[in-house]
Amino acid sequence: NDSLSAAINTSADNSVPLFSASELAPTFHDGANGAVLGCPHYARSCKVRHPSSGRLYTCRLCCEQEREMPLRDQDSPLDRFKVEEVLCMRCGTLQPSSNRCVNSKCGKPFANYVCKICNLFDDGQHKSIYHCPFCNVCRSGLGLGIDFRHCMRCNACVSLKDNNHVCITQRLQGNCPICHESMFESTEPLRGLKCGHVMHLSCFNLYMRSQTYTCPLCKKSVDDMKEYFSQLDAAIRMQPMPPAYANVTSKIHCQDCGKLGEVNYHFVGCKCTFCGSYNTRELERRPQNN
């Protein structure tokens, strides 16, 4: 291919960019099948040129993966908003970023979905994407007012089906409390907790395997625990305390409703008399006054 050869060969004209053979080689979304152009992250027929180093990457996540590899020349993070050039993987033409190839002999679109703000190209089947002007990034979904809305206080897109949304200022700006990776630009599904805090869905599943049902940040219950608490009720009924502990009470702080109370002590758990939660912390234990 003449375009590829011209880009590989060294030229006295500094205006001709130089790329390695691996940079110019097409990559595929479906791996060894080689039927769908792209990468493991996106189906697309173009590569983006790093705005600082000038190297070619199929997507910004591919750049991040290479940055994490040892014994490699580490590039700076790829700023998607500053990308100005792309390379068509069909014909090898380097060109300004747009929705289709400018080569008249090619002229094919790079993807079904193209965002000229984020320089996002995605040809994935059965995938809906929209650009949120408030988040200023592309999100999975049909769009604002269709299946999502933007919460200005949280600065996050919230499903219209979420009728119990709890606002936490800038809740996606921090890192996941489990893996400590960024959540705002994460391509992984997120899981909102009952308290309003958020973590990656995969991290949530891993966290719940440890049989911990409290938020790692605020210690409130992560979900509706009524069924679990009813099981504790049954366990307490079936296991009365021995006479030595029959009159012992506990001063507790409920981590769900935040109230203080005094209840009969039981080794299974101390139930909040205000909200019925067993997510309580024992502050003091003492014999009951006669």
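Within each chain, residue numbers correspond to sequence positions counted from 1 in written order. The predicted nature of this model means local features are confined to residues of pLDDT at least 70 and side-chain atom pairs, given and counted, to a pLDDT of 80 or more, with totals for whole chains, interfaces and linings taken over all residues. Side-chain measures were taken over the full set of non-hydrogen atoms in the model, leaving aside hydrogen atoms and water.

Student: It is not clear to me how the environment of R55 should be interpreted in this structure. Could you clarify?
Tutor: Secondary-structure assignment places R55 in the loop between β1 (46–49) and β2 (56–57). Each residue's exposure class comes from its accessible area (1.4 Å probe, protein chains only) as a fraction of the maximum for that residue type: buried when under 20%, exposed when over 50%, partly exposed otherwise. Assessed through its relative accessible area of 29%, R55 is described here as partly exposed. Discounting residues that sit within four places of it in the chain, R55 has contacts with E23, V48, R49, H50, D73 and D75. Each helix is a run of H or I in the DSSP string that is no shorter than four residues. Each strand is a run of E no shorter than two, and both are numbered from the N terminus. The contact definition used throughout considers only heavy atoms, calling two residues in contact when any of these lie within 4.5 Å.

Student: What's the story with the side chain of S277 in this structure? I'm lost.
Tutor: As for its position among the elements, S277 is in the loop between β14 (260–264) and β15 (280–287). For S277, a relative accessible area of 3% translates into the label buried. Any N or O atom pair separated by 3.5 Å or less is treated as a polar contact, with the protein-specific requirement of one donor-capable and one acceptor-capable atom, and with residues adjacent in sequence counted only for side-chain atom pairs. A polar side-chain atom of S277 sits 2.7 Å from a polar atom in the side chain of D256. A polar atom in the side chain of S277 sits 2.8 Å from the backbone nitrogen of N279.

Student: Looking at this structure, I do not really get the sheet that holds β15. What am I missing?
Tutor: Within a sheet, each strand pairs with its neighbour through backbone hydrogen bonds, oriented either parallel or antiparallel. DSSP-based pairing: two strands are paired if at least 2 bridges between them are found. On the basis of which strands lie adjacent, the open sheet formed by three strands has the order β14-β13-β15 and antiparallel pairing. Here the strands that pair on one side only, and so sit at the sheet edges, are β14 and β15. Ignoring strand direction, the axes of neighbouring strands in this sheet form an average angle of 30 degrees. With seven bridges connecting them, strand β13 (residues 248–254) and β15 associate as antiparallel partners. Residue pairing in the sheet places T249 in a bridge with R286 of β15. Under this scheme, a helix contributes an axis fitted over its contacting stretch, all axes are lines through C-alpha atoms, and angles between N-to-C directions fall in the 0 to 180 degree range.

Student: Just checking my understanding: could you explain the state of the cysteines for this structure?
Tutor: Two cysteines form a disulfide when their sulfur atoms are joined by a covalent bond. Any two cysteine sulfur atoms lying within 2.5 Å of each other are counted as a disulfide. Applying the stated criterion across every chain yields a total of zero disulfides. No disulfide involves C135; its sulfur sits 3.8 Å from that of C132, the nearest cysteine. There is no disulfide at C203, and the cysteine sulfur nearest it, in C179, is 3.8 Å away. Using a relative accessible area of 9% as the deciding quantity, one classes C203 as buried.

Student: Before we go on, may I ask you to explain the packing of aromatic side chains in this structure?
Tutor: Working definition: an aromatic ring pair is given by the centre-to-centre distance plus the angle between the planes. Aromatic rings from Phe, Tyr and Trp, taking only the six-membered ring of Trp, are treated as a pair when their centres fall within 6.5 Å; an angle between ring planes under 30 degrees marks them as stacked, one over 60 as edge-to-face, and anything in between as tilted. Scanning the entire structure with this criterion turns up seven aromatic pairs. Ring centres of Y130 and F148 lie 6.0 Å apart, and the angle between their planes is 35 degrees; this geometry places the pair in the tilted category. Highlighted residues: Y130 in strand β7 (residues 129–132) and F148 in strand β9 (residues 148–151), separated in sequence by 18 residues. On the basis of relative accessible area, Y130 is assigned to the buried category, the value being 6%. Here the aromatic cluster, defined as three or more aromatic residues joined through ring pairs, consists of Y213, Y228, F229 and Y278. Lysine and arginine charges are scored as sitting over a ring when NZ or CZ, respectively, is within 6 Å of the ring centre and within 35 degrees of the ring normal. Note that R191 overlies the ring of F204, its terminal NZ or CZ placed 4.2 Å from the centroid. Between R285 and the ring centre of Y265, over which it is positioned, the NZ or CZ distance is 3.9 Å.

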